[in-house]
Amino acid sequence: MRFTIFQDSHTGDRSGNEDRVGYSYSRNVLLLVIADGMGGHMKGELAAEIAVTEVTRRFQQEARNRLKKPQEFLVSAINSAHRAIVAQAVEENLLESPRTTCVACIVQGSSAHWAWAGDSRLYVLRNGKLAAQTTDHSRVQQMIDAGAITVEQAARHPDRNKIYSCLGGVVPPQIGVAREFKLEQGDTIMLSTDGFWAQIPATLIGTLLRKQDIVGLMPGLITEAHRRAMGESDNISVVAMTWENQEDENVSDTTQMLGDEQFTTSSNTQDLDIPGGPAGDDVTEEDIEKAIAEIQSAIKKVPR
């Protein structure tokens, strides 16, 4: 596969970084994934860490040559990450399970597939325009869909940070799934957390991509997102991929040196101490119900 890829994550004006972002690819399949730990809950960075680690682990386990059903894989992997987060909360005796958004994308056979929970976004940019995007699982998006507010009003609305689907919550995440998207030469797929997309419109990104590639463009846009937040910047994270001409031998084949079962991986995960290791495949629905009951019981015992 021939593609150009960029990844970075900045703390912004926060005291720590609760975003996790990464990519992994073999000779025939590419994964992009991003998670934004929810700051209103305990240990958001732990939830995001588990989400990216678990989705990547499942990818490397199942995408030896290619994925037979990419969309089903994405839903299964995100649910697996959700279960791992809840199990971790029980392992650490947390009063509340950590929570995170998540959006993940698979590229194989010149097609893209993506799934998401929460308000971290995916854009597909083609010829300077927005060709596809995710729809936020958020309160303000519901209000936009109902015609109650405009997109411009949503950017300033006091409920703009309220989301109704996430990993680690008391109920399983509501996962959005996109139809297969056929890629064309020059298409850019971009995943980002709200620290970036809330400040940088997709239209601006598309216009600038006509003049510069993602490796040259994105560092400056991340800096601009930080500047526009005027001292109140959330964590800023982006992973982006541009699909190159697959027949052009003058364009480097990013994957040609990999063996059939080799992966190249990059992320800002920090190898947090997660007792018991990857939990996703080992946790049953019965375990999850028990874990949630234990968390709710613990909350009731805390003096108010």
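For clarity, every value in this text was computed on a predicted model and none was experimentally measured.

Participant: Any chance you could explain the sheet that holds strand β6 (residues 121-126) here in plain terms?
Facilitator: In any sheet, the strands associate via hydrogen bonds between backbone groups, in a parallel or an antiparallel arrangement. An order of β1-β11-β10-β6-β7 is seen for the five strands of this open sheet, with the pairing classed as antiparallel. If you trace the sheet from one side to the other, it starts and ends with β1 (3-10) and β7 (129-133), each paired once. Neighbour to neighbour, the strand axes of the sheet diverge by 20 degrees on average, direction disregarded. Contacts between helix α6 (residues 202-209) and the sheet are confined to β6, β7 and β10 (188-192), with β6 contributing the most and set at about 40 degrees to the helix. Across the sheet, helix α7 (residues 214-228) touches β1, β10 and β11 (236-243), and the angle it forms with β1 is around 20 degrees.

Participant: I tried to follow the nonpolar core on my own but got confused; where do I start?
Facilitator: In summary, soluble globular proteins display a tendency toward joint burial of nonpolar side chains. In terms of nonpolar packing, the biggest core is built from 29 residues, with Phe-59, Ile-106 and Leu-167 touching the most fellow members. The set of elements that each furnish at least two residues to this core consists of β3 (29-36), α1 (44-62), α2 (70-91), β4 (102-108) and β5 (111-117). Looking at which element gives the most residues to this core, the answer is α1, with eight residues. For Leu-167, the contacting residues outside a window of four places in its chain are Ala-51, Ile-78, Ala-81, His-82, Ile-85, Pro-98, Arg-99, Thr-100, Cys-102, Ala-117 and Pro-173. Val-103, Trp-114, Leu-122 and Met-241 belong to the second largest nonpolar core, which has 27 residues in total.

Participant: Whenever I open this one, unusual backbone geometry confuses me. Can you help?
Facilitator: Leaving glycine aside, a negative phi is the common case for residues, and trans is the common case for peptide bonds. Despite not being glycine, Asn-93 shows a phi value in the positive range, around 55 degrees. Counting through the fold element by element, Asn-93 comes out in the loop between α2 and β4. Taking relative accessible area as the criterion, Asn-93 reaches 66% and is therefore assigned exposed. Its identity as a non-glycine residue notwithstanding, Met-230 has a phi of 50 degrees, on the positive side.

Participant: What am I meant to see in the pattern of salt bridges here?
Facilitator: Under the defined criterion, the tally for this structure stands at twelve salt bridges. For the salt bridge of Glu-62 with Arg-58, the shortest nitrogen-to-oxygen distance reads 2.6 Å. With Glu-62 and Arg-58 both in helix α1 and four residues apart, the pair spans about one turn of that helix. Salt-bridge contacts for Glu-224 lead to Arg-227; the nearest nitrogen and oxygen are separated by 2.6 Å. Of this pair, Glu-224 and Arg-227 both sit in helix α7, three residues apart, which is roughly one turn of that helix.

Participant: Help me understand α6 in this model?
Facilitator: Because each turn of an α-helix spans 3.6 residues, side chains separated by three or four positions in sequence point in the same direction. By the burial criterion, the buried members of α6 are Ala-202, Ile-205 and Gly-206. All buried residues of α6 fall inside an arc of 100 degrees around its axis, so they share one side. Those residues of α6 hidden inside the fold are in contact with β6, β7, β10, α5 (194-197) and α7.

The rules behind these values
Every chain is numbered independently, its residues counted from 1 as its sequence is written. Local features in a predicted model are, by the rule used here, given only for residues with pLDDT of at least 70; side-chain atom pairs are given and counted only at 80 or more, and totals for whole chains, interfaces and linings are based on all residues. Only hydrogens and water are set aside when side-chain values are computed; all heavy atoms of the structure are taken into account. Between any two strands, pairing holds if DSSP finds at least two bridges. A helix here means a DSSP run of H or I that spans at least four residues, while a strand means a run of E at least two residues long, and both kinds are numbered starting from the N terminus. What counts as an axis is a line fitted to C-alpha atoms, over the stretch in contact for a helix, and the angles between N-to-C directions run from 0 to 180 degrees. In what follows, residue pairs with any heavy atoms lying within 4.5 Å of each other are defined as contacts. Side-chain atoms within 4.5 Å are what join buried Ala, Val, Leu, Ile, Met, Phe, Trp, Tyr and Cys residues into a set we call a nonpolar core. Burial status follows relative accessibility: with a 1.4 Å probe on protein chains alone, a residue under 20% of its type maximum counts as buried, one over 50% as exposed, and anything between as partly exposed. Counted as salt bridges are all cases of a side-chain nitrogen of Lys or Arg within 4 Å of a carboxyl oxygen of Asp or Glu. Relevant arc is that of directions from the helix axis to the C-beta atoms, nothing else.

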